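# Secondary and tertiary structure notes
Spelled out from the first residue to the last, the chains are:
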Amino acid sequence: MSKVVARLAMSLDGFIAGPDSGVEHPLGIGGERLHQWVYGLRAFREAQGLAGGTDNADSRMLEAWNARSGAVVMGHGMYVTGEIPWGDNPPFHHPVYVVTHHPRETLHKEGGTDFHFVTEGPEHALALAREAAGEKDVSLAGGAHLVQQFIRAGLLDELLLHIVPVLACTGTHLFDDLGTEHIEWHKTEVHDSPEVTHMLLRAVKP
């Protein structure tokens, strides 16, 4: 059965974007530091339609995780801030379901990426994404507010954190607004490299 997986770059103190995230600064001011480890990798460049790049353990891990995904769910804010940087050939290459209050027609992009705008809420977007993904996983792209909703609702199966050795100190914190109950995870994989540590967590569900 397919899984719902969120994959996020995160600072040591739990931030996934810098302050003032928006169209001018899609990752927030200083937030690009959390993604520097990925920009030169061959797997990342291939997803962007670019040649070359470093072929190392990080790149091969990224390639394997990309192959698992068959559809994406993301929040409206992430779509708005990413639409221009992603350009005509976004890096997803499969259906993307945008949770939004702003209805609009499906937007077809190059490379197999279609943006579907879902106004009936996160669970409906997930149902559509599961159907589109088939046996593959559904990737929960973010932002933080949508990931928090999925965690609170028990809809997230796995959380893959790319932990960057930096203290961001401010910005968008991943683990805000999760209530007061303990949330348990099993640590199932850890892959380390000089620039980033990859930690895969599996949600413990009742």
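Structure: above.
These lines cover the structure that appears in this document, whether it is placed above or below. (Residues numbered from 1 in each chain as written. Predicted model: local features only at pLDDT ≥ 70, side-chain atom pairs only at ≥ 80, totals over all residues. Heavy atoms only, no water.)

The next thing to look at is the layout of surface pockets. Within this model, the largest pocket holds a volume of roughly 1,600 Å³. Lining the largest pocket we find 49 residues, and of these Leu27, His35, Met78, Trp86 and Ala141 sit closest to its centre. A per-element tally of the lining of the largest pocket places helix H4 (residues 76-86) first, with seven residues. The class makeup of the residues in the lining of the largest pocket is 24 nonpolar, 23 polar and two charged. Size it by volume and the second largest pocket reaches roughly 240 Å³. Looking at which element gives the most residues to the lining of the second largest pocket, the answer is helix H6 (residues 144-152), with three residues. Residue composition of the lining of the second largest pocket, grouped by class: nine nonpolar, two polar and three charged. (1 Å grid on protein atoms, 1.4 Å probe; cavity = no way out; pocket = protein on both sides within 12 Å on 5 of 7 lines; lining within 4 Å. Points joined across faces, edges and corners; volume = space filled by probe spheres on them. Helix = DSSP H or I, 4+ residues; strand = E, 2+ residues; numbered from the N terminus. Nonpolar A, V, L, I, M, F, W, Y, C, P; charged D, E, K, R; others polar.)

What follows deals with the sheet that holds strand S10 (residues 185-192). An order of S5-S6-S4-S3-S7-S1-S8-S11-S10 is seen for the nine strands of this open sheet, with the pairing classed as mixed. Each edge of the open sheet is held by one strand with a lone partner, namely strand S5 (107-108) and S10. Of the strand pairs in this sheet, S10 and strand S11 (residues 197-203) are connected by seven bridges, and their pairing is antiparallel. Pairing of Val190 across the sheet is with Met199, part of S11. Those strands touched by H6 are strand S1 (4-11), strand S3 (69-75), strand S4 (96-99), strand S7 (137-142) and S10, and its axis lies near 130° from that of S7. (Pairing = 2+ DSSP bridges. Contact = heavy atoms within 4.5 Å. Axes fitted to C-alpha atoms, helices over the stretch in contact; angles between N-to-C directions.)

Turning next to empty space enclosed by the protein. Scanning all chains against the criterion turns up one cavity of 30 Å³ or more. Within this model, the largest cavity holds a volume of roughly 40 Å³. If you trace the largest cavity, you find it lined by Val5, Arg7, Trp65, Arg68, Ser69, Asp137, Val138 and Ser139. Secondary-structure elements contributing two or more residues to the lining of the largest cavity are S1, helix H3 (57-68) and S7.

Take H3 next. Taking 1.5 Å per residue as the helical rise, H3 with its twelve residues ought to reach 16 Å, and the 17 Å between its terminal C-alpha atoms agrees with that figure. Here H3 has its buried residues at Asp58, Ser59, Met61, Leu62 and Trp65. Viewed along the axis of H3, the buried residues span an arc of 160°, placing them on a single side of the element. (Expected span 1.5 Å × (residues − 1). Buried < 20%, exposed > 50% of the residue type's maximum accessible area, 1.4 Å probe, protein only. Arc of directions from axis to C-beta.)

Just distances and angles here, no functional claims.
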